[in-house]
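Residue-level listing of the chains:
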Amino acid sequence: MRLLFEIVLVAALVALAWEKPWRERFGGKPLAAPVRTHLARATPAPSLTPAPKRGSWMWDPTRQSALDNPAVQSSKKKPQVPRPAP
């Protein structure tokens, strides 16, 4: 029953604020229209380096993914931490 009351209350609040904002409805200062200034947009500078081909990341031999086997390392080996003797 309480849930039904809360749903009706929220629906009533949304219905009241649908057409007119709360500030205008209950004596607040009306919202002013935002002032827009037209600024000249700068044209983007051309890139000095060519963009890589689409999908080239897929064939990069140094790329590591979540499915790569950690036991098989390409050319880099992880530095091993010395373990204390028992």
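This write-up is about the structure you can find in this document.

About the thresholds
Residue indices follow the written sequence of each chain, beginning from 1 at its first position. Local features in this predicted model are restricted to residues of pLDDT 70 or higher, and side-chain atom pairs are both shown and tallied only at a pLDDT of 80 or more, whereas totals for entire chains, interfaces and linings draw on every residue. Hydrogens and waters are ignored; side-chain quantities use all the structure's heavy atoms. Helix and strand assignments come from DSSP, with helices taken as H or I runs of at least 4 residues and strands as E runs of at least 2, each series counted from the N terminus. Exposure classes here rest on a 1.4 Å probe applied to the protein chains alone. A residue is buried below 20% of its type maximum, exposed above 50%, and partly exposed in between. Each accessible area is a Shrake-Rupley estimate made with a 1.4 Å probe; only the visible protein chains count as cover when residues are assessed. Any Lys or Arg side-chain nitrogen found within 4 Å of a carboxyl oxygen on Asp or Glu counts as a salt bridge. One fewer than the residue count of a helix, multiplied by 1.5 Å, yields its expected span. For patch building, the residue pool is restricted to those with more than 30% relative accessible area and no salt bridge; the joining distance is 9 Å between like charges and 5 Å between nonpolar side chains (Val, Leu, Ile, Met, Phe, Trp, Tyr).

## Notes on the overall build of the protein
Assigned secondary structure in the protein consists of two helices and zero strands. Considering the protein as a whole, with its 86 residues, one finds that 0% of them fall into the buried category. Just so you have it, the protein exposes about 9700 Å², and 64% of that area is on carbon and sulfur atoms.

## Here's the deal with the pattern of salt bridges
Using the criterion set out here, one finds one salt bridge in the structure. Ionic pairing is found between glutamate 6 and arginine 2, a salt bridge with its closest N-O pair at 3.0 Å. With glutamate 6 and arginine 2 both in helix H1 (residues 2–19), this residue pair falls four residues apart, about one helical turn. When its relative accessible area of 33% is taken as the criterion, glutamate 6 is described as partly exposed. The exposed category is assigned to arginine 2, whose relative accessible area is 65%.

## With respect to H1
Taking 1.5 Å per residue, 18 residues should reach 26 Å; H1 reaches 27 Å between its end C-alpha atoms and fits that length. The buried fraction of H1 is low, at zero of 18 residues.

## A few points about a nonpolar patch on the surface
On the surface, a nonpolar cluster with roughly 620 Å² of combined accessible area is contributed by Phe5, Leu9, Leu13, Leu16, Trp22 and Phe26. If you tally residues by element for the nonpolar patch, the top one is H1, at four residues. Of note, phenylalanine 26 is situated in the segment after helix H2 (22–25).

Any functional reading would require information that these geometric values do not contain.
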